[in-house]
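# Chain and residue survey
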Amino acid sequence: MKRNLLSVAALLFGTLFLFMGNGLQGILLPVRGNLEGYATTTLGLLGTSWAGGFVIGCLVAPKLVRRVGHVRAFSGFISIIAIIALVSGIIIHPVWWVVLRAVTGFSTAGTSMIIESWLNERASNESRGAIFSLYIGITLLGVVGGQMMIPLEDVRTPVLFMICGIFYCIAMLPTTLSTAASPQPLKAVRLDLPALYRNSPVSCLGILLVGIANGAYGTLGAVFGAGAGLSDTSIAIMMSATIFAGALMQLPAGRLSDRIDRRYVLAAMSAIAAVAGLLIFLLHPTSPALLIGLVVLYGAVANTLYPIAVAHANDFAAAEDFVKVSGGLLLLYGIGTVIGPTIGGPVMSAITPHALFLVTAIAHVLITGYAIIRSRIRAAVPASDREAYTTIPTGTSPMLTPQSMSLADRGAGKPSETGKAPESGDPAVKFG
């Protein structure tokens, strides 16, 4: 175990700086754009373009990596991200930012897929869970660490953009200097919406709606904070605390979903997120402590929804289809994060910044209602036959790629349970 962890230590070190750059750039652009007077709709498009680029990257990047190799592709992708971070600090223009953000999303998907496939190659059956958990923890720590750098420098200067570029360049070093053999070619995951829906209607629709809510908040949360009168430091604390609260809630929510119908847990967590969002929208709290407290409550429950929905989908799928099911759901989540900021920006412009949480509340109410309805139509899988819950935090944006599902490997070694058939009555859904 120790030897396996040491073999990926340098790669994980680079991963930390990659996500520090992602976290800093993700909050820096909307904060700076808000100070420049950009419309909320335009700032929402930053998230839309990033998510759209990320989804396309998950589909296209494997072909590019197979053509030029892992090391060259990684160097190319991360060089593009670093260049864009620096250019964004020089060219302060909303149209350029939106276009460049899409390229960043595409390249981020490529770099993340390479890292995750590399970790998967180095992991043994005994160390796989530890490596996956460590990887998840590092991505969260990196995003939070990047966000917390906002108060250290005036966002009106190009300094923070330069720091983003430095982080990305540091992230490139461990992989480019490594003498280890490259991993096997990346696996492409095809999104098959009809098959996903037949496998689990709740997970399919639920993850799309979770993506809409998380995408809206992840992109526009900082804009909301500025509109609500929070300082840059308070905004950074709010965004980071939301991620930490979601990470802390993963285990208790997951254990509860292992014991009772996951759809009840999904409905309950969504209902709490909806109530927290509606309170923010209706009350317009003026106290920073109360406002941040409600947002953190929202994040604590909202960030548990994705892994619970994935676990529910895998309860009804054959073990060998885990990666394909989870990968497809991840891409569906990415589509939701494209939609969320596109809706959230205009709504905030038309009403108030607090209307961001009206958008998230509507999405969570729909999840609650649909999960309850489906629980009356389809029987739950007995607790003894369910896949064990695995923590897959999404933070405020899709941070994982389909390659990470191979690293999680929740279905490894488990025999196929053909008795758990989809609602159509056919054998367990197969994904080609």
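Residues numbered from 1 in each chain as written. Predicted model: local features only at pLDDT ≥ 70, side-chain atom pairs only at ≥ 80, totals over all residues. Heavy atoms only, no water.

As recorded by an unreviewed UniProt entry, the protein carries the name MFS transporter and is attributed to Rhizobium vallis.

## A few points about the overall build of the protein
Note the cut-off: Each helix is a run of H or I in the DSSP string that is no shorter than four residues. Each strand is a run of E no shorter than two, and both are numbered from the N terminus. By definition in these notes, contact holds between two residues if any of their heavy atoms fall within 4.5 Å. Here the open area of atoms and residues is found with the Shrake-Rupley method and a 1.4 Å probe, where only the protein chains shown may cover a residue.
Scanning the protein from terminus to terminus reveals 16 helices and zero strands. Summarising the internal contacts of the protein: among those between residues at least 6 apart in sequence, 87% fall at separations of at least 24. About 15,800 Å² of surface is accessible on the protein, with carbon and sulfur atoms providing 68% of the total.

## A short note on the pattern of salt bridges
To keep things clear, this is the line we draw: The salt bridge definition used is simple: a Lys or Arg side-chain nitrogen within 4 Å of an Asp or Glu carboxyl oxygen. Relative accessibility under 20% of the residue-type maximum defines a buried residue, over 50% an exposed one, and the middle range a partly exposed one, all with a 1.4 Å probe and only protein chains included.
Summed over all chains, the structure comprises five salt bridges. The partner of Asp258 in a salt bridge is Arg262, with the nearest N and O atoms 2.9 Å apart. Residue class for Asp258 comes out partly exposed when judged on its relative accessible area of 25%. Judged by its relative accessible area of 1%, Arg262 falls in the buried class. Connected through salt bridges with shared partners, the residues Asp258, Arg262 and Asp315 form a single ionic network.

## Structural notes on helix H2 (residues 9–35)
Where we set the bar: Expected span of a helix, by definition, is 1.5 Å for each gap between consecutive residues, and there is one gap fewer than residues.
With 27 residues, H2 ought to run about 39 Å at 1.5 Å a step, and its terminal C-alpha atoms sit 39 Å apart, in line with that. In terms of residue burial, H2 counts as a mostly covered element, since 20 of its 27 residues are buried.

## Quick notes on the packing of helix H9 (residues 201–227) against helix H10 (residues 232–259)
Selection criterion: Interaxial angles span 0 to 180 degrees and are taken between N-to-C directions of axes, which are lines fitted to C-alpha atoms, for helices over the stretch in contact. Left-handed describes a crossing in which the near helix is turned anticlockwise from the far one by less than a right angle; the clockwise case is right-handed. Residue polarity is assigned by list, with Asp, Glu, Lys and Arg as charged and Ala, Val, Leu, Ile, Met, Phe, Trp, Tyr, Cys and Pro as nonpolar; anything else, Gly included, falls into the polar class.
The contact between H9 and H10 brings their axes to 9 Å, and the two run at 145°. Two packed elements cross with a definite hand, and for H9 against H10 that hand is right-handed. Residues Tyr217, Gly218, Gly221, Ala222, Phe224, Gly225 and Ala226 of H9 form the contact with H10, whose participating residues are Ile235, Met238, Met239 and Thr242. Residue classes in the contact of H9 with H10 are distributed as seven nonpolar, four polar and no charged.

## Quick notes on helix H12 (residues 288–302)
Across its 15 residues, H12 extends 21 Å between first and last C-alpha, which sits within 8% of the 21 Å expected from 1.5 Å per residue. Leu291, Ile292, Leu294, Val295, Tyr298, Gly299, Ala300, Val301 and Ala302 are the residues of H12 that are buried. As for H12, its buried residues are in contact with H9, H10, helix H11 (262–283), helix H13 (305–315) and helix H15 (356–377).

## Let's talk about the packing of H9 against H15
What counts is decided by this rule: Angular relationships are summarised with four words: roughly parallel below 35 degrees, roughly antiparallel beyond 145, roughly perpendicular across 65 to 115, and oblique for the angles in between.
Closest axis-to-axis distance for the H9/H15 pair is 9 Å, and the angle between their directions is 165°. The angle between H9 and H15 places the two elements in the roughly antiparallel class. When the axes of H9 and H15 are compared, the crossing they make is left-handed. Where H9 abuts H15, its residues Pro201, Val202, Leu205, Gly206, Leu209, Val210, Ala213, Ala216, Tyr217, Leu220, Gly221 and Phe224 lie against Leu356, Phe357, Thr360, Ala363, His364, Leu366, Ile367, Tyr370, Ala371 and Arg374. In terms of residue class, the contact of H9 with H15 is made up of 17 nonpolar, four polar and one charged.

## Re the side chain of Arg263
Mapped onto the fold, Arg263 is located in helix H11. Judged by relative accessible area, Arg263 falls into the buried class, the value being 1%. Among all residues touching Arg263, those that are not within four sequence positions of it are Val202, His312, Ala371, Arg374, Ser375, Arg378, Ala379 and Ala380.

## Details of the environment of Ala195
With respect to the element layout, Ala195 can be found in helix H8 (residues 193–199). Relative accessible area serves as the criterion here: at 1%, Ala195 is assigned to the buried category. For the pair Ala195 and Val325, spaced 130 residues apart in sequence, the C-alpha separation works out to 9.1 Å.

## Describing the packing of aromatic side chains
For the record, the criterion: Here a pair means two rings of Phe, Tyr or Trp (six-membered ring of Trp) with centres within 6.5 Å. Their orientation is stacked below 30 degrees between planes, edge-to-face above 60, and tilted elsewhere.
In the structure shown here, the tally under the stated rule is eleven aromatic pairs. Ring centres of Phe224 and Phe357 lie 5.0 Å apart, and the angle between their planes is 80°; this geometry places the pair in the edge-to-face category. Of the two residues, Phe224 sits in helix H9 while Phe357 sits in helix H15, which places them 133 residues apart along the sequence.

## Structural notes on the side chain of Arg32
Along the chain, Arg32 falls in helix H2. Accessibility expressed as a relative area gives 7% for Arg32, which makes it buried. If we ignore the near neighbours within four places in the chain, the residues touching Arg32 are Ile92, Trp97, Val155, Arg156, Thr157 and Phe161.

## Here we look at unusual backbone geometry
Phi is positive for His284, which is not a glycine, with a value near 50°. Mapped onto the secondary structure, His284 falls in the loop between H11 and H12. When its relative accessible area of 31% is taken as the criterion, His284 is described as partly exposed.

## Description of the confidence of the model for the protein
How we decide: Confidence of the predictor at the level of single residues is captured by pLDDT, which takes values from 0 to 100.
Mean pLDDT over the protein works out to 83, with 81% of the residues at or above the 70 mark. This model gives residues 411–432 a pLDDT under 50, and the stretch forms 49 contacts once residues within four places in sequence are excluded.

## Concerning the environment of Tyr38
Note the following rule: What qualifies as a polar contact is a pair of N or O atoms within 3.5 Å, subject to a donor-acceptor requirement within protein and to the restriction that residues adjacent in sequence count only when both atoms come from side chains.
By the element assignment, Tyr38 lies in the loop between H2 and helix H3 (40–68). Along the backbone, Tyr38 and His93 are 55 residues apart, and their C-alpha atoms lie at a distance of 9.1 Å. In contact with Tyr38, not counting residues within four places along its chain, are Gly33, Leu43, Ile92, His93, Pro94 and Trp97. For Tyr38, the side chain forms a polar contact with the main-chain oxygen of Ile92, separated by 3.3 Å. At a separation of 3.5 Å, a polar atom in the side chain of Tyr38 contacts the main-chain amide nitrogen of His93.

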